[in-house]
Amino acid sequence: MTDCIFCKIVRGEIPADKVYEDEYILIFRDIQPAAPTHLLCIPKAHIASAAEIDDGNVDLVGRVFVQLAVVAKDLGLGRGFRIVTNCGEDGGQTVGHLHFHLLGGRQLIWPPG
Ligand code: 5GP
Ligand code: ZN
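Residues numbered from 1 in each chain as written. Chains lettered and ligands numbered in written order. Predicted model: local features only at pLDDT ≥ 70, side-chain atom pairs only at ≥ 80, totals over all residues. Heavy atoms only, no water.

## Notes on the sheet that holds strand β4 (residues 81-84)
Going by this rule: Here, strands pair whenever DSSP counts at least two bridges between them. Each helix is a run of H or I in the DSSP string that is no shorter than four residues. Each strand is a run of E no shorter than two, and both are numbered from the N terminus. Every axis corresponds to a line fitted to the C-alpha atoms, with the helix fit spanning only the stretch in contact, and the corresponding angles, defined between N-to-C directions, vary from 0 to 180 degrees. In what follows, residue pairs with any heavy atoms lying within 4.5 Å of each other are defined as contacts.
A sheet is described by the order of its strands in space; here five strands give the open sequence β1-β2-β3-β5-β4, paired in antiparallel fashion. The two strands at the open ends of the sheet, each matched to only one other strand, are β1 (18-21) and β4. Strand after strand, the sheet turns through a mean of 15 degrees between neighbouring axes, direction not considered. Note: strand β2 (residues 25-29) against strand β3 (residues 37-43), five bridges, orientation antiparallel. If you follow Arg29 over to β3, its bridge partner there is Leu39. Where helix α2 (residues 58-74) meets the sheet, its contacts fall on β1, β2, β3, β4 and β5 (100-104), and the angle it forms with β2 comes to roughly 40 degrees.

See the structure below:
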């Protein structure tokens with residue numbers, strides 16, 4: 001999608017600190033980290049939010065979780081981590097391209113605000 005920040009990152013039009021990339025997904029560091037490790041994992045295809053996950057893209061979403069588990073292990077998050085996706089206005093979503101936050105490296109508080 002032309003105006004989407006994360007699509008621009010996928011196309012290389014905006015730089016990102018990439019941690020993992022394949023044909024389907026991209027993992028990069030959040031520009032405003034909320035924890036010592038704060039990554040974003042996105043499908044390269046533009047999906048607006050978790051509200052648009054369906055039978056047609058479930059494999060893509062599965063790949064996100066598989067690779068986040070690998071990256072979390074590689075980055076030494078053996079004590080634990082959190083994967084979260086904010087959806088829509090009430091969910092606090094600010095970028096309209098499906099993304100999963102991976103947070104770790106400190107004790108995380110629950111429930112979040
Ligand atoms: P949301 O608020 O939609 O759940 O998460 C969007 C996240 O994207 C935020 O944590 C924000 O810091 C991050 N973000 C926004 N723009 C950029 C950018 O241009 N580059 C990177 N690496 N992260 C971004
Ligand atoms: Zn997009």
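The discussion continues.
## Considerations on the side chain of His38
Just so we agree on the cut-off: For each residue, the accessible area found with a 1.4 Å probe, counting protein chains only, is set against the maximum for its type, and the residue is called buried under 20%, exposed over 50%, and partly exposed in between. Polar contacts, as used here, are pairs of N or O atoms within 3.5 Å; protein pairs need one atom able to donate a hydrogen and one able to accept it. Residues neighboring in sequence count only if both atoms are side-chain atoms.
Within the secondary structure layout, His38 lies in strand β3. On the basis of relative accessibility, which here comes to 6%, the residue His38 falls in the buried class. Within the structure, His38 has its side chain in polar contact with the backbone nitrogen of Ala34 (distance 2.9 Å). At 2.8 Å, the side chain of His38 and the side chain of His101 are in polar contact.

## Side note on the packing of aromatic side chains
In plain terms, the rule: To pair, rings of Phe, Tyr and Trp, with the six-membered ring standing in for Trp, must have centres within 6.5 Å; the planes then decide the type, stacked if under 30 degrees apart, edge-to-face if over 60, and tilted in the middle.
Taken as a whole and judged by the stated rule, the model has two aromatic pairs. Ring geometry for Phe6 and Phe28: centres 5.5 Å apart, planes at 80 degrees, overall edge-to-face. Here Phe6 is found in helix α1 (residues 5-11), whereas its partner Phe28 is found in strand β2, with 22 residues between them in sequence. Summarising the burial analysis for this pair, Phe6 and Phe28 share the class buried. Aromatic side chains Phe65 and Phe100 sit 5.2 Å apart centroid to centroid with 70 degrees between the ring planes, which places their arrangement in the edge-to-face category. Of this pair, Phe65 sits in helix α2 while Phe100 sits in strand β5, placing them 35 residues apart in sequence.

## Observations regarding the site of ligand 1
Filter applied, for reference: The cutoff for a nearby residue is simple: one of its non-hydrogen atoms must lie within 4 Å of the molecule or strand. With residues, only the protein chains shown are counted as cover, and all accessible areas are computed by Shrake-Rupley using a 1.4 Å probe.
Ligand 1 sits among 16 residues. The nearest are Asp30, Asn86, Thr94, His99 and His101. The backbone of Ile31 places a nitrogen or oxygen atom 3.3 Å from a nitrogen atom of ligand 1. Residue His99 places a side-chain N or O atom 2.8 Å away from an oxygen atom belonging to ligand 1. Isolated, ligand 1 exposes 520 Å² of accessible area, and the fraction of that covered by the protein chains is 84%.

## Concerning the coordination of the zinc ion (ligand 2)
Filter applied, for reference: Because water is not among the atoms used, a metal site may look incomplete, as its donors are only the N, O and S atoms within 2.8 Å, or 3.2 Å for Na, K and Ca.
Ligation of the zinc ion (ligand 2) by protein atoms is provided by Cys4 (SG), Cys7 (SG), His46 (ND1) and His97 (ND1), these donors lying 2.1 to 2.3 Å from the ion. Spacing between the donor residues of the zinc ion (ligand 2) along their common chain follows C-x2-C-x38-H-x50-H. Taken together, the residues span a long stretch of sequence, with Cys7 in helix α1 and His46 in the loop between β3 and α2 at a distance of 39 residues. The exposure class of Cys7 is buried, given its relative accessible area of 4%.

Any functional reading would require information beyond the geometric quantities listed.
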